[in-house]
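# Structural features, examined
Residue-level listing of the chains:
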Amino acid sequence: LVLFNTFSRESITFLLTSSFGGATGPTHFLIKGTKVKAGYTKAWLTRHGAPPGSSIVPTPTAFMTEAAWLEMAEDRAKGIRAMPVIKDHPLWWVAEILDGFGAHFMNPQALAIYWRYRIMQIKEKDDTSQMNQLYDQVPAKKDKVVMRDGNAMLREAASVTQGVADHLGSWL
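Residues numbered from 1 in each chain as written. Predicted model: local features only at pLDDT ≥ 70, side-chain atom pairs only at ≥ 80, totals over all residues. Heavy atoms only, no water.

## With respect to the environment of Pro-26
- Relative to the helices and strands, Pro-26 resides in strand β3 (residues 24-32).
- C-alpha separation for the pair Pro-26 and Ala-77, spaced 51 residues apart in sequence, amounts to 8.6 Å.
- Residue contacts for Pro-26: discarding those within four places in its chain leaves Leu-15, Leu-16, Thr-17, Pro-51, Pro-52, Gly-53, Ser-54, Arg-76, Gly-79, Ile-80 and Met-83. (Helix = DSSP H or I, 4+ residues; strand = E, 2+ residues; numbered from the N terminus. Contact = heavy atoms within 4.5 Å.)

## A word on the side chain of Thr-27
- For Thr-27, the location among the structural elements is in strand β3.
- On the accessibility criterion, Thr-27 (8% relative accessible area) is buried.
- Once you skip the residues sitting within four places of it in the chain, Thr-27 turns out to touch Leu-15, Leu-16, Pro-51, Ser-54 and Ser-55. (Buried < 20%, exposed > 50% of the residue type's maximum accessible area, 1.4 Å probe, protein only.)

## Here we look at the packing of aromatic side chains
- Across all of its chains, the model carries three aromatic pairs by this definition.
- Between Tyr-40 and Trp-44 the ring centres are 4.8 Å apart and the planes differ by 75°, which places this aromatic pair in the edge-to-face class.
- Accessibility expressed as a relative area gives 5% for Tyr-40, which makes it buried.
- Considering the side-chain rings of Trp-93 and Trp-115, the 4.5 Å spacing of their centres and the 50° angle between planes classify their relative orientation as tilted. Placement of the pair is Trp-93 in the loop between α2 (66-81) and β5 (94-98) and Trp-115 in helix α3 (residues 108-116), with a sequence separation of 22 residues.
- According to the relative accessible area criterion, Trp-93 is partly exposed, its value standing at 39%. (Phe/Tyr/Trp six-rings, centres within 6.5 Å; stacked < 30°, edge-to-face > 60°.)

Interpretation note: all reported values are geometric properties and have no functional meaning in isolation.
See below:
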């Protein structure tokens, strides 16, 4: 069973994936803009400790859109299938619990990609307080620590940013 959560700040959104077993899955950074700064590639994320399937996706507002959800679907699905335990059972279905945000369920192409990877996406009940949401009980607190490490990683990437502060590194 895989959980998904979103942490948003004004100019960046983090999408974190984890399992009840404590494994971290793909992490996605939604940044405001039309393109990703040169050097911030999937390979760069991997070299800096991001799990397989992670990516940086630009959107007009740094919030999730249907287009962004579709853009990350293939990588995310592969990353989920690469998580510990899940990778050992390729024929098993994965149940992913998502919040009720429309972009997660409105794009048939994205839903088909997850289905092809045997990932069944389940919508968490509407209007559930954060105290009752499964993900927010313990895993989210742990993921917030990981998120802070990710911020530091992005801020300190002098080889990529060439000492220039941008919204990936200066928003905290």
